[in-house]
Amino acid sequence: IGSADHAGDPFAYTPENKFGITGRFHIPVDSTLGSPVLSASWFEQSKVWFSDFSDIEPDAFQKSYDLVNVRLDWNNMFGSAFDAAAFVNNATNETYKVGANALLHLTGTSASIYGPPRMWGIELRARFGADAAEHEGSRAISCLRPNCRKRYRRRRPRHRSPHRRLCRPQWW
């Protein structure tokens, strides 16, 4: 086996450009209904080689590709300790390689590993104990003092005086 000059060949698994961006939109609804959030992610990658021998492994690369993922989260559904989410990964059903075993120049075979196709699903989550009490937005009440944004957990009132819901200013 003779030596070959591979000067100028690109490095394996190092695309020239990689870029991703994610946007989140909090859907404005009454806090007693929960907190729905819509998010979308876009990822782009330029051509990548899976072998350091690009001159003798012509099929050991992935051309540039884009991926789009979309997700809707709904936390504290209807003021409860339950969350739900629906998602679609690889929404455009892009076919792309994530790796290859490029041995065409040695064995005459080449194998590629592909990324997952479009996948959708639903996730459900329930919180228990202190975690549930900490996140339940509907069980919190706001202070009645103007311009105060403090919230308190609801408790059984010991008496019906309205000053129980006012913040106590700290003078020290």
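Computed from a prediction, not measured in an experiment: that's the story for all the values here. (Residues numbered from 1 in each chain as written. Predicted model: local features only at pLDDT ≥ 70, side-chain atom pairs only at ≥ 80, totals over all residues. Heavy atoms only, no water.)

1. A look at the confidence of the model for the protein chain
Per-residue confidence for the protein chain averages 78 on the pLDDT scale, and 70% of its residues sit at or above 70. Looking at the elements of the protein chain, mean pLDDT is at its lowest for strand 10 (residues 140-142), recorded as 51, and at its highest for strand 5 (residues 65-75), recorded as 96. Of the regions scoring below 50 in pLDDT, residues 154-159 engages in 4 contacts with residues more than four places distant in sequence or in other chains. Low pLDDT, under 50, characterises residues 161-165; the predicted model gives this stretch 6 contacts beyond four residues in sequence or across chains. (pLDDT = per-residue confidence, 0-100. Helix = DSSP H or I, 4+ residues; strand = E, 2+ residues; numbered from the N terminus. Contact = heavy atoms within 4.5 Å.)

2. Some details on the environment of Ala81
Within the fold, Ala81 resides in the loop between strand 5 and strand 6 (82-89). In this structure Ala81 comes out as buried when scored by relative accessible area, which is 10%. When the C-alpha positions of Ala81 and Gly34 are compared, they lie 9.8 Å apart, and in sequence the two are 47 residues distant. (Buried < 20%, exposed > 50% of the residue type's maximum accessible area, 1.4 Å probe, protein only.)

3. Digging into unusual backbone geometry
Negative phi values dominate among residues other than glycine, just as trans dominates among peptide bonds. Of note in the backbone geometry, Phe78 takes a positive phi value of approximately 50° without being a glycine. Secondary-structure assignment places Phe78 in the loop between strand 5 and strand 6. Classification of Phe78 as exposed rests on a relative accessible area of 54%. A positive phi angle is found at Asn93, which is not glycine, with a value near 55°.

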